[in-house]
There are 2 protein chains.
Amino acid sequence: MKKYENMLKEHSLKATYQRMSILSVLDKMGHGCIDEVYEKVKETHPTISLATVYKNIITMVENGVITEVPIAGLKSKYELKKDDHIHLICTECGDVKDADMDDKITQDVSSVANNSSFEAKSSNVNIYGLCKNCKGA
Amino acid sequence: MKKYENMLKEHSLKATYQRMSILSVLDKMGHGCIDEVYEKVKETHPTISLATVYKNIITMVENGVITEVPIAGLKSKYELKKDDHIHLICTECGDVKDADMDDKITQDVSSVANNSSFEAKSSNVNIYGLCKNCKGA
DNA sequence: ATCCTTGCAAATGATTTGCAAGAGT
DNA sequence: ACTCTTGCAAATCATTTGCAAGGAT
């Protein structure tokens, strides 16, 4: 839990049990939408309210502790903030896996932005398709 | 309007005036969320209902006539279906511009998917930052 | 001690549904 | 003719808010 406490304090947020539980759940799940996080947190903290999950996820996104991952056709998922990377999103089961963004892509992306006089801050690459499991079925 | 009528018929959808108006509005706007489309369509078709816009956008996404563009922090926008490309999204004014996805990126993206035994169908690259206009302010 | 956060319940906002009348093929 | 679509109003679902009590620094 010390890990999550530090993440919060580094961003000048109070380290409440609720926030640390949300971070711990997201860390385990990888990616989760708001109700999934709420259900998981309730297992260890049954009195938490959905409104608290909403409020905290919003605050932690605003403060750069977690990141929103918007997905076509589904509710946004959230993940712990990390370097830009690629999301492999299964359109069958909704599972999301991370893949590293190699230097070539990073460079290409920034040159595309430069060519349009656009000042890039971050990027999000989503690939939609079928995951290993769902390909068979 | 013949253009939009064809787009619909090619996907076995009835060419109603409401659907063609939505397509025409999206074509002009480039990208629009549901209420923006609703407000624009009302200018030429004042009796259209919001529910109709919802229902049609959903049907046309399901049938591949238009595409959902999910955006962090904002409601999804929609655009006419076209080849995979890059979205430059201004976090200040919300404006979305398209940029071509060059062959390098396309190849890199597909090799990332292959390395993870993932069967890619489509991809979505969003770059967040400041557009030409908002950079100054 | 102070300010921020929590949980609750109520309020708002967004999206979906059921249905009778009308439009498209 | 037949089937799908429309517009309306109501229903549902998602998200936000106000506030008194409790927690973090």
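Just so it is clear, the structure is predicted and the values come from calculations on it, not from any experiment.

Peer 1: What's the story with the layout of surface pockets in this structure? I'm lost.
Peer 2: By rolling a water-sized probe across the atoms, one finds the places where empty space is left. Of the pockets and cavities examined, the largest pocket occupies roughly 890 Å³. The wall of the largest pocket is formed by 37 residues, among which Val61(A), Thr67(A), Glu68(A), Ala72(B) and Gly73(B) lie closest to the centre. Taken together, the elements giving at least two residues each to the lining of the largest pocket come down to helix H3 (34-44), helix H4 (50-62), strand E1 (66-69), strand E2 (77-80) and strand E5 (119-130) of chain A together with strand E3 (85-90) and strand E5 (119-130) of chain B. Looking at which element gives the most residues to the lining of the largest pocket, the answer is H4(A), with five residues. Here the lining of the largest pocket is composed, by residue class, of 15 nonpolar, twelve polar and ten charged. What the second largest pocket holds in volume is close to 610 Å³.

Peer 1: Just checking my understanding: could you explain the pattern of salt bridges for this structure?
Peer 2: Side chains that differ in charge, positive against negative, can pair when their charged atoms come close. All chains considered together, the criterion is met by 24 salt bridges over all chains. With a shortest N-O distance of 2.8 Å, Asp35(A) and Lys75(A) are connected by a salt bridge. Linking Asp35(A) in helix H3 with Lys75(A) in the loop between E1 and E2, this pair joins segments that are 40 residues apart in sequence. Of the residues examined, Asp35(A) reaches a relative accessible area of 30% and is grouped as partly exposed. Residue classification places Lys75(A) among the exposed positions, given a relative accessible area of 53%. Here Glu5(B) makes a salt bridge to Lys9(B), at a shortest N to O gap of 2.8 Å. Here Lys9(B) and Glu5(B) lie together in helix H1 (residues 2-10), a separation of four residues that amounts to about one turn. Through salt bridges with shared partners, a single network forms among Lys2(A), Glu5(A) and Lys9(A).

Procedures and definitions
Residues numbered from 1 in each chain as written. Chains lettered and ligands numbered in written order. Predicted model: local features only at pLDDT ≥ 70, side-chain atom pairs only at ≥ 80, totals over all residues. Heavy atoms only, no water. 1 Å grid on protein atoms, 1.4 Å probe; cavity = no way out; pocket = protein on both sides within 12 Å on 5 of 7 lines; lining within 4 Å. Points joined across faces, edges and corners; volume = space filled by probe spheres on them. Helix = DSSP H or I, 4+ residues; strand = E, 2+ residues; numbered from the N terminus. Nonpolar A, V, L, I, M, F, W, Y, C, P; charged D, E, K, R; others polar. Salt bridge = Lys/Arg side-chain N within 4 Å of Asp/Glu carboxyl O. Buried < 20%, exposed > 50% of the residue type's maximum accessible area, 1.4 Å probe, protein only.

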